[in-house]
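Below, each chain spelled out in residue letters.
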Amino acid sequence: MNPSQESAPAELPVGAKMVAWLLVVGGALFAVVGTIGVFNPDRAEALMGTLMLAFGVAYLVVGRGMLRGSRPAYLLAIGLLGASVALAIVRAAIEGDRSLISQGFVPAVALWALLGSEPRTYFARSSSGPDAPAAG
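Sequence order sets the numbering: in each chain, residues are counted from 1 along the sequence as written. Only residues with pLDDT of at least 70 are given local features in this predicted model, and only at 80 or more are side-chain atom pairs given and counted; all residues enter the totals for whole chains, interfaces and linings. The basis for every side-chain value is the complete set of heavy atoms in the structure, and neither hydrogens nor water enter the calculation.

Caption draft 1: Main features of the side chain of Ser84. Looking at the element boundaries, Ser84 is found in helix α4 (residues 71-95). For every residue, the accessible area (1.4 Å probe, protein chains only) is compared with the maximum for its type, and the residue is labelled buried under 20%, exposed over 50%, or partly exposed between those bounds. Take Ser84: its relative accessible area is 12%, and that puts it in the buried class. Only DSSP runs of H or I covering at least 4 residues are called helices, and only runs of E covering at least 2 are called strands; the numbering of each starts at the N terminus.

Here it is, written out as structure tokens:
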């Protein structure tokens, strides 16, 4: 067993747990709004609805996985939150409205919470969850 596995917290860190629940709740909201948008007759709005639905389902699955201690879910959460921040910046650039950058604030804070030392240590201990046997 290497030293980082020995010092891993036994319970999901509070910040990571809050982000996981935020992903679950936000994912449910995104999925509902995205489902409504998919049926919009305007093609651009329907495309945005499809994207929101896809992100909503992904957030739900990743949030649930993080609550179960899954390392792949943790890595996917980092990727999804990073993509959310990037999309907020791109959307602000395309629409020429700098105030839209503020939509990336919550995902940026969540990303900051996940990249802290406690969550990294917790999710580095195994690749399949808290009950997985250590490799080796």
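Caption draft 2: Molecular detail of the packing of α4 against helix α5 (residues 105-114). At a closest axis distance of 9 Å, the pairing of α4 and α5 adopts a crossing angle of 150°. Considered as vectors, α4 and α5 are oriented roughly antiparallel to each other. Crossing angle aside, the handedness with which α4 passes α5 is left-handed. Here Tyr74, Ala77, Ile78, Leu81, Gly82, Ser84 and Val85 of α4 lie close against α5, whose contacting residues are Pro107, Ala108, Ala110, Leu111 and Leu114. Helix axes are fitted to C-alpha atoms over the stretch in contact, other axes to C-alpha atoms as well, and angles between N-to-C directions run from 0 to 180 degrees. Note on terminology: angles under 35 degrees are roughly parallel, angles over 145 are roughly antiparallel, angles of 65 to 115 are roughly perpendicular, and the others are oblique. In this scheme, a crossing is called left-handed if the near helix is turned counterclockwise away from the far one by less than a right angle; it is called right-handed if the turn is clockwise. Every residue pair with non-hydrogen atoms within 4.5 Å of one another is taken to be in contact.

Caption draft 3: Structural detail: the confidence of the model for the chain. Model confidence for the chain is summarised by a mean pLDDT of 84, while 85% of its residues fall at 70 or above. Per residue, pLDDT measures the predictor's confidence, with a range of 0 to 100. Mean pLDDT in the chain bottoms out at helix α1 (residues 3-6), which sits at 49, and peaks at α5, which reaches 93.

Caption draft 4: Structural detail: the packing of aromatic side chains. Here is the rule: rings of Phe, Tyr and Trp (six-membered ring for Trp) pair when centre to centre is within 6.5 Å. Planes less than 30 degrees apart are stacked, more than 60 are edge-to-face, and the remainder are tilted. Applying the stated criterion to the full structure yields four aromatic pairs. Both rings, one in Phe30 and one in Tyr59, keep their centres 5.7 Å apart while their planes meet at 65°; by these two values the pair is edge-to-face. Placement of Phe30 in helix α2 (residues 14-38) and of Tyr59 in helix α3 (residues 43-67) is noted, with a sequence separation of 29 residues between them. Residue Tyr59 is classed as buried on the basis of its relative accessible area of 7%. Each member of the aromatic cluster is reached from another via a ring pair, and the members are Phe30, Phe55 and Tyr59.

Caption draft 5: Fine view of the nonpolar core. Here, nonpolar core means buried Ala, Val, Leu, Ile, Met, Phe, Trp, Tyr and Cys residues that are tied together by side-chain atoms lying within 4.5 Å of each other. Core analysis: the largest hydrophobic core is formed by 19 residues, its most contacted members being Leu23, Met66, Leu81, Leu114 and Phe123. Of all elements in the fold, only α2, α3, α4, α5 and α6 (117-124) reach the threshold of two or more residues within this core. The element contributing the most residues to this core is α4, with five residues. Residues in contact with Met66, not counting those within four places in the same chain, are Leu12, Ala16, Ala20, Leu23, Ala73, Tyr74, Ala77, Leu114 and Phe123.

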